[in-house]
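Coordinates in review
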Amino acid sequence: MLNKIVMTMATIRIFSGSLEILAALLMLRLNQIDKALIVNSSLAFVGPLVLISTTTIGLVGLSDKISFGKMLWIVGGVACILTGVLKK
């Protein structure tokens, strides 16, 4: 029996991966650099949302097993990753 939280996290990741594959196929279909760049830029928005949502779901599932301090460290780590990726 699969854990519901793990199943939810995996489902979000499968959806995200499927979206990446569909975007790649769309780029090939459009066959134009400017349009492919627009599709690629759209994916830059999806990645952080997937990271935040899967991490949040995982933290909710662990909330009864880890201390509040450790949870803050995890949230801080995710914030650092997002800051490093999104800041120019």
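Computed from a predicted structure; not experimentally measured.

At a minimum axis distance of 11 Å, the contact between helix 2 (residues 33-62) and helix 3 (residues 68-86) shows a crossing angle of 175°. Our classification of the angle between helix 2 and helix 3 gives roughly antiparallel. Contacts between helix 2 and helix 3 involve Pro48, Leu51, Ile52, Thr55 and Leu59 from the former and Met71, Ile74, Val75, Val78, Ile81, Leu82 and Leu86 from the latter. Partitioned by chemical class, the residues of the contact of helix 2 with helix 3 number 11 nonpolar, one polar and no charged.

A cluster of nonpolar residues, Ile21, Leu22, Leu25 and Leu28, forms a patch on the protein surface that exposes about 450 Å² of accessible area. Residue position: Leu22 is located in helix 1 (residues 4-30). Residue class for Leu22 comes out exposed when judged on its relative accessible area of 55%.

Definitions and cut-offs
- Residues numbered from 1 in each chain as written.
- Predicted model: local features only at pLDDT ≥ 70, side-chain atom pairs only at ≥ 80, totals over all residues.
- Heavy atoms only, no water.
- Axes fitted to C-alpha atoms, helices over the stretch in contact; angles between N-to-C directions.
- Helix = DSSP H or I, 4+ residues; strand = E, 2+ residues; numbered from the N terminus.
- Parallel < 35°, antiparallel > 145°, perpendicular 65-115°, else oblique.
- Contact = heavy atoms within 4.5 Å.
- Nonpolar A, V, L, I, M, F, W, Y, C, P; charged D, E, K, R; others polar.
- Patch = residues over 30% accessible without salt bridge, like charges linked within 9 Å, V, L, I, M, F, W, Y side chains within 5 Å.
- Areas by Shrake-Rupley, 256 points an atom, 1.4 Å probe, with all protein chains shown as cover.
- Salt bridge = Lys/Arg side-chain N within 4 Å of Asp/Glu carboxyl O.
- Buried < 20%, exposed > 50% of the residue type's maximum accessible area, 1.4 Å probe, protein only.

In short, the description is geometric, and any link to function would need to be established separately.
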